[in-house]
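Results of the structural survey
Below, each chain spelled out in residue letters.
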Amino acid sequence: HDVAPGRRIKCSLCTKALKKIKILAGDNPDEAAVRTAIEKGCRLLGRLLGKLCRKMVSKYHDQISEELQNGDSPRHICTAIGFCKA
């Protein structure tokens, strides 16, 4: 059966946002680099998605930050925080 559309949108928003954030954070980012990348990454998504992005990130900031520092893929992170189905 299919995932609810809301869920799919969340998943693609999450992976899209984290792909941008990962690129902005660079290789082997530290906490500060990740925080800056998160701010910028959400802004780059435009007003509406940016707002959703910020809400998502503030809720899961520590986990996202940690996983990005571990070099995990955007898809993996989004699955870990429950935005994408495994």
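Throughout what follows, the structure given in this document is the object of discussion. (Residues numbered from 1 in each chain as written. Predicted model: local features only at pLDDT ≥ 70, side-chain atom pairs only at ≥ 80, totals over all residues. Heavy atoms only, no water.)

Some thoughts on helix α2 (residues 31-44)
Taking 1.5 Å of rise per residue, the 14 residues of α2 would be expected to cover 20 Å, and the 20 Å separating its terminal C-alpha atoms lies within 8% of that figure. The complete set of buried residues in α2 reads V34, A37, I38, G41 and C42. Down the axis of α2, the buried set is contained in an arc of 125 degrees. They therefore lie on one face. Downstream of α2 by a residue or two, G46 has a phi angle that is positive, lying close to 90 degrees. (Helix = DSSP H or I, 4+ residues; strand = E, 2+ residues; numbered from the N terminus. Expected span 1.5 Å × (residues − 1). Buried < 20%, exposed > 50% of the residue type's maximum accessible area, 1.4 Å probe, protein only. Arc of directions from axis to C-beta.)

Examining helix α3 (residues 47-69)
Taking 1.5 Å of rise per residue, 23 residues should cover 33 Å, yet α3 covers just 27 Å from first to last C-alpha, more than 12% shy of that figure. The sharpest bend along α3 reaches about 85 degrees and sits at Y60. Here α3 has its buried residues at G50, C53, M56, V57, H61, I64, S65, E67 and L68. One or two residues past the end of α3 sits G71, with phi positive at roughly 80 degrees. (Bend = angle between axes of the 7 residues up to and from the residue.)

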